[in-house]
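Chains, contacts and geometry: an overview
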Amino acid sequence: MSIELNEIKKREKGYKVINNTIQNEGINSIIDLTGLAGGFDVTPEDISLLETYAGPAVFDEKIQQLGIEHLGGEKVLPLNRTTSGIVAMIITFVKKGTQIVHYLPEKPGHPSIPRAAKLVGADYVEYSNIDDFTINDNTSLVVITGTTMDHEVISVEDFEYVIKKAKEQDILVFVDDASGARLRRAVYNQPTAIDLGADLSVTSTDKLMEGPRGGLMAGSTELIDAIKLTVNQYGLEAQAPLVVGMIKALEKYSPDRIREAYHQKDQLIEKLEKEGLNPLETPTGFMFKEDEIKHVVEEKIGDVDVPADIIATVYSMLLLENYNIITIPAVGMPGASKTIRIDWSAKDSEKLTMDEMINAIVNTFDMVCDVCKNNNIEQVLYD
Ligand SMILES: *Cc1c(COP(=O)(O)O)cnc(C)c1O
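A few points on the structure. Predicted, not measured: the structure shown is a model, and the values here were computed from it.

Quick look at the sheet that holds strand β9 (residues 280-282)
With respect to topology, three strands assemble into an open sheet ordered β9-β10-β12, the strand pairing being antiparallel. Unpaired on one side and paired on the other, β9 and β12 (340-343) mark the two borders of the sheet. For this sheet, the mean angle separating the axes of adjacent strands, direction not counted, is 25 degrees. With three bridges connecting them, β9 and strand β10 (residues 285-288) associate as antiparallel partners. Of the residues in β10, the one forming a bridge with E281 is F286. Running at roughly 40 degrees to β10, helix α10 (residues 256-274) makes contact with β9 and β10 of the sheet.

A look at unusual backbone geometry
Excluding glycine, a negative phi dihedral is what most residues carry, and trans is how most peptide bonds are arranged. Of note, the amide linkage connecting K107 to P108 takes the cis form, showing an omega dihedral of 0 degrees. Among the secondary structure elements, P108 is positioned in the loop between β3 (99-103) and α5 (112-120). Even without glycine at this site, L208 takes up a positive phi of about 55 degrees. Here L208 lies in the loop between β7 (200-204) and β8 (215-219). Positioned with a positive phi, N375 is a non-glycine residue whose angle comes to about 60 degrees.

Observations concerning the side chain of H70
Following the sequence through the fold, H70 ends up in helix α3 (residues 54-71). Side-chain polar atoms of H70 contact the side chain of R182, separated by 2.9 Å. Contacts of H70, omitting those with residues within four sequence positions, involve A181, R182, R185, T192, M209, L250 and Y253.

Structural notes on helix α7 (residues 180-188)
Across the nine residues that make up α7, a large majority, seven, are buried. Looking at the buried residues of α7, the elements they touch are α3, α6 (156-168), β7 and α10. N189, located one to two residues past α7, shows a positive phi value of around 55 degrees.

A look at the site of the ligand
Neighbouring residues of the ligand: R81, T82, T83, H110, T147, M149, D176, A178, S204, K207 and R213. Between the ligand and the protein, one listed contact pairs an oxygen atom with a side-chain N or O atom of T83 at 2.7 Å. The contact in question runs from an oxygen atom of the ligand to an N or O atom on the side chain of K207, over 2.8 Å. Summarising the interface, the protein chains cover 94% of the accessible area of the ligand, which totals 390 Å² for the free molecule. Of the residues assigned to the shell around the ligand, the class counts are two nonpolar, five polar and four charged.

Each value, and the rule that gives it
Residues numbered from 1 in each chain as written. Predicted model: local features only at pLDDT ≥ 70, side-chain atom pairs only at ≥ 80, totals over all residues. Heavy atoms only, no water. Pairing = 2+ DSSP bridges. Helix = DSSP H or I, 4+ residues; strand = E, 2+ residues; numbered from the N terminus. Axes fitted to C-alpha atoms, helices over the stretch in contact; angles between N-to-C directions. Contact = heavy atoms within 4.5 Å. Polar contact = N/O pair within 3.5 Å; in protein donor to acceptor, adjacent residues only side chain to side chain. Buried < 20%, exposed > 50% of the residue type's maximum accessible area, 1.4 Å probe, protein only. Near = heavy atom within 4 Å. Areas by Shrake-Rupley, 256 points an atom, 1.4 Å probe, with all protein chains shown as cover. Nonpolar A, V, L, I, M, F, W, Y, C, P; charged D, E, K, R; others polar.

Geometry only, nothing functional implied.
In structure tokens:
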């Protein structure tokens, strides 16, 4: 059987399940453990400001102050998404025929980076082994990912080494710190990307903080202004309602919840291991990569002729349908990681006990086995 994952259809199915659950059981029944829980904590006063032309002016000053506090730099630029910022930055600074070099603790990088490289006609190369890292003469941009989509965190030594190499050749350094701006800092006490010597960094305002999906970029006034021009030309900026949500999220952000989960995750992992499972640890929880999910299933029922990304997406969909637990594969954008990652620092982790969590994880593996045996995969993913 050769089936390929339809990313648009599976996402629509994931949304349908969530919507039905909310209609039937209320919003509180949803347990979002993606670490991208979002948040939009605006007040009636904010809304009345939004209804005037003065609102954006008020919000711009606030986001500058809070954003610089969070990310460093001289100026920040609020964006519709982190992806928007990455694309705009590459359009602004990378010329056709040059090369983008990306260092990250574990491949792959976020798909927006190679896609934008292709858009401008640049070559793109990724390194995850620091000994191999090289910058050739044709390089126009060095990208560093502070924390990967699977929450693998770069070491400060590697971070500084890559910046030193780039600066020796006077090359612009951009940091994709989507979740790193909080994870790297809260858990490992690392400095901001800008303080480590990067020229620019971007973070996702919904990752490990209670803000709306959006991006916030920081750097020098000169660089940010150049990117801002592109952002405005292509319509990639955050609109005022998004900016208010970011302000509220930055105002209430505290690293405490992340640090607490960092200490509790060992207990979760121990419990899973007692059940015979092999989770990988993340800074604030645990994860099963797609190959491991397939491996667990094959140990139980023998060889399965289905690609691992599909099995992982089935797992995510069943966890959602049966336990109301949201993980990324069922609802993520096309190309998003198919790792089942549980973020115990998510606010919704308060809605279940550790043992309930373990029970859901174990039972869902059994359900995936049944679905594979009964050939129900397409039904689970799309209907
Ligand atoms: C999430 C993420 C992005 C993109 O964020 P969007 O909100 O989807 O635009 C980019 N890079 C990394 C490392 C991420 O984790």
